[in-house]
Every structure is written in C-alpha cells, then in structure tokens.
Amino acid sequence: MSTGVAGLDEILSGGLVSERSYMVRGQAGSGKTILSFHFLQQGVDEGETALFINLEEDVRDLKANAAALGFDTDAIEFLDLSPSADVFVEDESYEVFEPAEVERDPLTEEIVEGVTAVDPDRVVVDPLTQLRFLLSDDYQFRKQVVGFMRFLKDREATVLFTVQNTASLPTDDLEFITDGTIRLDAAEYGKTVSVPKFRGSPTQSGDHAYRVTDAGVEVYPALQPGQRDGDAEFEQISSGIPEVDELLHGGIERGTVTIVSGPTGVGKTTLSTQFMKEAAGRGERSVIYLFEENRGTFLARSRAVNIPVDEMLERGTLQVNEVEALEQSPQEFARMVRDEVEERDADIVMIDGISGYRLTLRGDEDMMLQQMHALGRYLKNTGVTGIFIDETRNVTGEFQATMGNISYLADNIVFLRHLEVEGELRKAIGVLKKRTSDFERTIREFKITEHGISVGEPMSQLRGILSGTPEVVDRESKRDDCDS
C-alpha cells in the first residue's frame, strides 16, 4: 500500500502492509500531519475511502493548511474530536472499545459511529498522544491504544497515527503496539527519516533525508550501491591527449572512479572535462556537478581552452549542474545523480569538487567518507565512470595525493602539481595509482593553452618534483653517477 510519497515507498520496499497500524513519530513541525495527508490522498486517488480523526488541531485550520498544499480535503472524511475541558474526563477508567463502555461514553460512541459510517480503508489519527493527557495513567493509555487499533483493524482499515515525543512524555512504549515506526528527526545537514521497526517486509536501514516543500513532503532515500552485474570487461576511455593516455597506459577504464587531485588553479577541472569532450565525440552523455564554481565561469573557461561545451550542451552530450552545497543534503544530491544515471543514461559523472560536497554534510568527516564510498560504489556497479575533483591544500611544498583520506575510494589517481623551476611557475602531471592496469611512473610537464591541453615528455632533467621546488639535474653529473 503506497504511502503517497515515492521516496518513502522506496525505503519501505514498496509501501505499507495493508490492515496494519503504523506510528509516525517526530517533534512539532517535523511534517507528521503533512505526511499523513499524503497517505490519505493516495487512498483517494486509488478509489479508497479515507478518514482523518483529529484529536488536537481545529478542523477548519487543518483543512485550510492541507488544501494549500494541494490535498483534496473534500474527498477526505474528517472526524473532529478536538479536546475540550470536559472531553474524556467523566470516567477515566473506561476501555475505549469495550461494548459496555460504548453504550455510555459519548466520545467513544462518536468514534465508533463515525468509523462505522465512513467504513474507511485508510485512517489517520492525529495525534494519538493527545489521549495520554486525558487518562489517569500509562496503563490506561496503552490499554486504550490497543483497543483503538484493534477496533480499526477489525474494520479492515490501515492506520497511520502520529505521536510527538518529548522528554517528559516519551512514546517508546507505543513501538511495542504498532506494526511499524516512521521516525522524523533532524541532523546537522537537515531533516532525516528512518524506519527502526517494520513488520512483514524488509526496509532500507539508516538515515534518509526529507524536505517539507510547497507540495508536501519529499523523501530522498540514502544511496544503495547495489550489486554489479557480473564481471565487467574494462573498456578504456581515452582523454584525447596521447601523452595523458600514455601515462595511463591507454586511458581510464569505464565504470571506474578516478580522483584528479592538485592545488587550486592547476587545471584539474579542465583535464577532467577533456575526457567528457572525447566521450561526446562517441555520442556518450556526461554530467558535471559544480560545487565550487558557477556554471557561467566554467563554460567561459572551457571555451577559452578549446573545449566545445556549447556544442556539447546543444547536442545533449553534456549537462552542467551548479549545486549549492549548504542547501542540499547528501541524500538529495544522491537522488540527483540517480536521476541522471537511471533516467537519462549518463555515462560519465564528474563531481567538482569533493571539498564542496563535504559541505553538504556540515563537516561530518566520517559520514562524508561513507557517502563518498556509497556514491563511488553505486557509479561503478551501474557501469558509470566517476571523476572526482579533489583540491589539495599546498600549492608547493609537501606533496599530498588527496585530502581527507579518500585515496582508497579511487581506482585511479591522477595528480597535477605546481612547480617553481628557476624562478618560473610551471605545472606537472603524473599517475599515482591505477588498479586495473599498469601505468607510466614518470612525471610530465602539463600546460593549458588557448588550443587546449599540452603534455610534454617526461621531466627527467628535474629532481625533487613532488616537493614543488625541484632542482635541475646536471646531465654530465647524472651520467657520471650512472657509470659509477
């Protein structure tokens, strides 16, 4: 049974199990009621009868707020049981749905009559915890809830009830009563949804993201890498630059993850885009996510170095997405990537860069590594080539392959380096790692000109290149050292 929220259905492996009860737990303002309206609206759309039992908010306000989000409140039945001073206090020892009590308790009679008249397929009770304030003790509350859920189940209804957890009034005891729990929480990077309990069906574990929008609740499941279909035969992807391909012994392999690292301004993005230029010539589609640069600057810079980005965009072989990291959760970004891969057949995905992506996690380093690992595995398992741009801190001086201990994520690491040689600023390129084949272990000069990228012969005349301030080796001395 669909919840009406596609992302939540995905987490629940399809949706809810019918004729069972489920708890939606969260703080005030977390979106519990909105999620409940999605559940009822989905029932209406499928020709089912939907009932909203209101125990707190004024029903007129409830309808107005729901209608503003696009829900069809005219098609949903409402049973308004908003509490007042004399409601549920005449007899604090009753049991909600015992026949003898139905005869003499006005509110219980109203509930039974309302449910019987509507005969709903889907029921929302919002919030169930309101009943706790109207009973003498926790035992009576739990007893009432069990009776309430049993009554609705006997009517073959599927129930969603909301609870608001507080320090003084916890709701942990209700988890033993319900068939499943949907928990709405908040993390540093945004709102999260999890399903700690669900009877009758597997679910995706962990924290997923959600957002409350003008259209209701949107849920973004955490990325599931899945399994690779069989043993893939690695096909090499050329950069279009013979010397770079020589360094990589033919190029990078399709379905692998490559980290291109180096300090600011050294040419990481330009080199990575070169692979996409060649892919476009084969009719393949590439997607770039810009975390640290705006789209206009990227396009202008690419044009200036002879990369035909306008033609690629027009032909649909390139998509450039500017991402505002502080407005995205990692799960939202993962959904963007999945849409490009699964719905629009992306062949290459480039993330520029990892430092900007880290901001989506608000500095949580451990989670950043987990998310990057999941993203890398997902791309590889779907046969998509991933290129991650990693900016290292030192312009010259001590060499750093990558920042943040992410080198283990990569199948290939290509590094770029600024050099100071005899008072002149130059650049170098080399390969540090390649899992699927051997690679050239020399370091070559790297240039970016108006005609594109130029890579020279191995810089064998320099010593100490990785220090950033290499020394020129005297060839005669070097020959003498070799002879000796």
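- Taking an unreviewed UniProt entry as the reference, the protein chain is identified by name as non-specific serine/threonine protein kinase belonging to Halorubrum lipolyticum DSM 21995.

### Focus: the pattern of salt bridges
Phase 1 of the analysis: Within this structure, the stated rule accounts for 28 salt bridges.
Phase 2 of the analysis: A salt bridge links Asp119 to Arg155, with the nearest nitrogen and oxygen atoms 3.8 Å apart. Note that Asp119 is positioned in the loop between α5 (106-118) and β4 (122-126) and Arg155 in the loop between α6 (138-154) and β5 (158-163), a separation of 36 residues in sequence.
Phase 3 of the analysis: With relative accessibility at 41%, the residue Asp119 sits in the partly exposed group.
Phase 4 of the analysis: Among the residues examined, Arg155 registers a relative accessible area of 28% and is labelled partly exposed.
Phase 5 of the analysis: A single salt-bridge network, built from bridges that share partners, covers Glu10, Arg335, Arg338, Asp339 and Glu342.

### What about unusual backbone geometry?
The general pattern is negative phi for most residues beyond glycine and trans for most peptide bonds.
Phase 1 of the analysis: Note that the residue after Asp126, namely Pro127, is joined by a cis bond; omega there is -15°.
Phase 2 of the analysis: Within the secondary structure layout, Pro127 lies in the loop between β4 and α6.
Phase 3 of the analysis: Look at Glu19: it is not a glycine, yet its phi comes out positive at around 65°.
Phase 4 of the analysis: Relative to the assigned elements, Glu19 resides in the loop between α1 (6-11) and β1 (21-26).
Phase 5 of the analysis: Overall, the relative accessible area of 34% leaves Glu19 in the partly exposed class.
Phase 6 of the analysis: The phi dihedral of Asp119 is positive, around 50°, even though this residue is not glycine.

### Observations regarding the packing of aromatic side chains
Phase 1 of the analysis: The full count for this structure, using the stated rule, is 9 aromatic pairs.
Phase 2 of the analysis: With a centroid separation of 6.2 Å and an interplanar angle of 45°, the aromatic rings of Phe37 and Phe78 are classed as tilted. In this pair, Phe37 sits in helix α2 (residues 32-45) while Phe78 sits in strand β3 (residues 77-80), placing the two residues 41 residues apart along the sequence. The pair Phe37 / Phe78 is uniform in exposure class, with both members buried.
Phase 3 of the analysis: Members of the aromatic cluster, each reached through a chain of ring pairs, are Phe37, Phe52, Phe71 and Phe78.
Phase 4 of the analysis: When the ring centre of Phe439 is taken as reference, the NZ or CZ atom of Arg441 above it lies at 4.3 Å.

### Quick word on the sheet that holds strand β16 (residues 385-391)
Two pairing modes exist for strands in a sheet, parallel and antiparallel, and in both the strands are linked by backbone hydrogen bonds.
Phase 1 of the analysis: As summarised here, the arrangement of the 9 strands in space is β14-β13-β15-β16-β12-β17-β18-β19-β20, forming an open sheet in which the pairing is mixed. With partners counted over all chains shown, the strands left at the sheet margins are β14 (318-322) and β20 (452-458), one partner each. Here the strands of the sheet are splayed against their neighbours by 20° on average, with no regard to which way each runs.
Phase 2 of the analysis: With 5 bridges connecting them, strand β19 (residues 444-449) and β20 associate as antiparallel partners. Each bridged residue has a counterpart across the sheet, and for Arg444 the counterpart in β20 is Pro458.

### Things to note about a negative patch on the surface
Phase 1 of the analysis: A cluster of acidic residues, Asp80, Glu109, Glu110 and Glu113, forms a negative patch at the surface.
Phase 2 of the analysis: The leading source of residues in the negative patch is α5, at 3 residues.
Phase 3 of the analysis: Considering the arrangement of structural elements, one finds Glu113 in helix α5.

### Some details on the side chain of Glu332
Phase 1 of the analysis: Within the secondary structure layout, Glu332 lies in helix α11 (residues 330-343).
Phase 2 of the analysis: Relative accessible area serves as the criterion here: at 9%, Glu332 is assigned to the buried category.
Phase 3 of the analysis: Excluding anything up to four places from it in sequence, Glu332 contacts Arg211, Tyr220 and Glu327.

### A short note on the sheet that holds strand β2 (residues 50-54)
Phase 1 of the analysis: The sheet built from 9 strands is open, its strands ordered β3-β2-β4-β5-β1-β6-β7-β8-β9 with mixed pairing. The open sheet has two edge strands with one neighbour each: β3 and β9 (216-220). Strand-to-strand twist of the sheet, defined as the mean angle between neighbouring strand axes without regard to direction, takes the value 25°.
Phase 2 of the analysis: Sheet topology note: the strand β7 (residues 190-198)/strand β8 (residues 208-213) ladder contains 2 bridges and is antiparallel. Paired with Thr192 across the bridge in β8 is Ala209.
Phase 3 of the analysis: Against the sheet, α2 contacts β1, β2, β3, β4, β5, β6 (180-187), β8 and β9, and its axis sits at roughly 165° relative to β4.
Phase 4 of the analysis: Of the strands in this sheet, β1, β2, β4 and β5 touch α6, which is tilted by about 155° from β5.

Criteria and cut-off values
- Residues numbered from 1 in each chain as written.
- Predicted model: local features only at pLDDT ≥ 70, side-chain atom pairs only at ≥ 80, totals over all residues.
- Heavy atoms only, no water.
- Salt bridge = Lys/Arg side-chain N within 4 Å of Asp/Glu carboxyl O.
- Helix = DSSP H or I, 4+ residues; strand = E, 2+ residues; numbered from the N terminus.
- Buried < 20%, exposed > 50% of the residue type's maximum accessible area, 1.4 Å probe, protein only.
- Phe/Tyr/Trp six-rings, centres within 6.5 Å; stacked < 30°, edge-to-face > 60°.
- Lys NZ or Arg CZ within 6 Å of the ring centre and 35° of its normal.
- Pairing = 2+ DSSP bridges.
- Axes fitted to C-alpha atoms, helices over the stretch in contact; angles between N-to-C directions.
- Patch = residues over 30% accessible without salt bridge, like charges linked within 9 Å, V, L, I, M, F, W, Y side chains within 5 Å.
- Areas by Shrake-Rupley, 256 points an atom, 1.4 Å probe, with all protein chains shown as cover.
- Lys, Arg positive; Asp, Glu negative; His and termini not counted.
- Charge placed at Lys NZ, Arg CZ, Asp CG, Glu CD.
- Contact = heavy atoms within 4.5 Å.

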